[in-house]
Amino acid sequence: AQKVTQAQTEISVVEKEDVTLDCVYETRDTTYYLFWYKQPPSGELVFLIRRNSFDEQNEISGRYSWNFQKSTSSFNFTITASQVVDSAVYFCALSEANYGGSQGNLIFGKGTKLSVKP
Amino acid sequence: DGGITQSPKYLFRKEGQNVTLSCEQNLNHDAMYWYRQDPGQGLRLIYYSQIVNDFQKGDIAEGYSVSREKKESFPLTVTSAQKNPTAFYLCASSPTGYNQPQHFGDGTRLSIL
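Below: a short report on this structure.

What counts, and where the lines are drawn
Residues take numbers from 1 onward in each chain, read along the sequence in its written order. Think of it this way: whatever chain is written first is A, whatever ligand is written first is 1, and the rest follow in order. Only residues with pLDDT of at least 70 are given local features in this predicted model, and only at 80 or more are side-chain atom pairs given and counted; all residues enter the totals for whole chains, interfaces and linings. Excluding hydrogens and water, the side-chain figures rest on all heavy atoms present in the structure. Between any two strands, pairing holds if DSSP finds at least two bridges. Numbering of helices and strands starts at the N terminus; helices are DSSP runs of H or I of at least 4 residues and strands are runs of E of at least 2. Simply put, an axis is a line fit to the C-alpha atoms, just over the touching stretch for a helix, and the angle between two N-to-C directions goes from 0 to 180 degrees. Among the buried residues, those of types Ala, Val, Leu, Ile, Met, Phe, Trp, Tyr and Cys that are joined through side-chain atoms within 4.5 Å form a nonpolar core. Only protein chains enter the accessibility calculation, which uses a 1.4 Å probe; a residue is then buried when its area is under 20% of its type maximum, exposed when over 50%, and partly exposed in between. For the purposes of this analysis, a disulfide is any pair of cysteine sulfur atoms at a distance within 2.5 Å. In what follows, salt bridge is the name for a side-chain nitrogen of Lys or Arg lying within 4 Å of a carboxyl oxygen of Asp or Glu. Note on contacts: a residue pair is in contact if any heavy atoms of the two residues lie within 4.5 Å. Buried area is calculated as the accessible area (1.4 Å probe) missing from two parts once they are joined, with the contributions of both summed. For this analysis, a polar contact is any N or O atom pair within 3.5 Å, provided that within protein one partner can donate a hydrogen and the other can accept it, and provided that sequence-adjacent residues contribute only side-chain to side-chain pairs.

**Re the sheet that holds strand S1 (residues 4-7) of chain B**
Residue and element names in this part refer to chain B.
Here's step 1: Pairing within the open sheet is antiparallel, and its 4 strands lie in the order S1-S3-S8-S7. Only two strands of the sheet have a single neighbouring strand rather than two, namely S1 and strand S7 (64-66). The sheet shows a mean angle of 20° between the axes of neighbouring strands, direction not considered.

**Focus on the nonpolar core**
All names here are of chain A.
Here's step 1: Formed by 23 residues in total, the largest nonpolar core has its most connected members in Trp36, Phe77, Tyr90 and Leu114.
Here's step 2: The set of elements that each furnish at least two residues to this core consists of strand S2 (10-14), strand S3 (19-21), strand S5 (32-39), strand S8 (64-69), strand S9 (74-79), strand S10 (88-96) and strand S12 (112-117).
Here's step 3: Tallying contributions element by element places S10 first for this core, with 4 residues.

**Considering the state of the cysteines**
Here's step 1: Evaluation of the coordinates by the stated rule reveals 2 disulfides over all chains.
Here's step 2: In this model, A:Cys23 is linked to A:Cys92 through a disulfide, with the two sulfur atoms separated by 2.0 Å. Here the S-S torsion is close to -65°, and the disulfide linking A:Cys23 with A:Cys92 is therefore left-handed. Placement of the pair is A:Cys23 in the loop between S3 and strand S4 (24-26) and A:Cys92 in strand S10, with a sequence separation of 69 residues. Of the two residues examined, A:Cys23 and A:Cys92, each falls in the buried class.
Here's step 3: Disulfide partner of B:Cys23: B:Cys91, at an S-S distance of 1.9 Å. With the S-S bond torsion at -75°, the cross-link from B:Cys23 to B:Cys91 turns out left-handed.

**Some details on the pattern of salt bridges**
Here's step 1: Counted according to the given criterion, the structure contains 6 salt bridges over all chains.
Here's step 2: We note a salt bridge from A:Arg51 to A:Glu59, for which the minimum N-O separation is 2.8 Å.
Here's step 3: On the accessibility criterion, A:Arg51 (8% relative accessible area) is buried.
Here's step 4: With a shortest N-O distance of 2.7 Å, B:Arg44 and B:Asp38 are connected by a salt bridge.
Here's step 5: A single salt-bridge network, built from bridges that share partners, covers A:Arg51, A:Asp55 and A:Glu59.

**Brief notes about the interface of chain A and chain B**
Here's step 1: Opposite the 25 residues of chain A that make contact, chain B presents 22 residues.
Here's step 2: Counting each side, the surface lost to burial between chain A and chain B is near 1900 Å², with a carbon and sulfur contribution of 55%.
Here's step 3: Inspection of the chain A/chain B interface yields 0 salt bridges.
Here's step 4: Taken together, the links from chain A to chain B amount to 3 residue pairs in polar contact (both at pLDDT 80 or more).

Distances and angles like these do not, on their own, reveal function.
Shown next, in the form of structure tokens:
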């Protein structure tokens, strides 16, 4: 069955520390996409990145980086030199090409709440 | 600017009352979604629609209803049959396809009076 697990419920760091948010997924499909979203206190989810199942190349965007490893079914997210503005709930999500019931349906993890203290 | 507008931001429901949450998008997206978020539970799919005049139940559709008469609009009604409606409701839209990111509104927080 398809599933996304974010084992870290809450993480607290001090500003300028690096922090890694873990995401482990389960899927029967060979074709799928993985996503990360950020939910600041205001409530809306902000799309950060997507990665397809055929592209294991890591990606870096400023202080954000993502490590996708199919061998361990993981898609981890690292924030380098964290800032107070990074405080939010972060969600990992999975979308399958063939088993989603309908294409585009996202399966979300339960989220990791990150608190960055000054 | 293009985006998704949810209203109202806060809503209170009395016992036995139906309430409707509004969701409008001007992104020209075909697909629209409703999610419910409870503390520590992540997002759970209530209903989704891939095209006008068609919609499908998600994982927790009981006690909810939707309509999709226009591409831009996907209102959600929380009926009196939903016994535990207190939650944060998020609407999203996307182009059709499993590789498309969903864009979210600001949410509506529903509480029981």
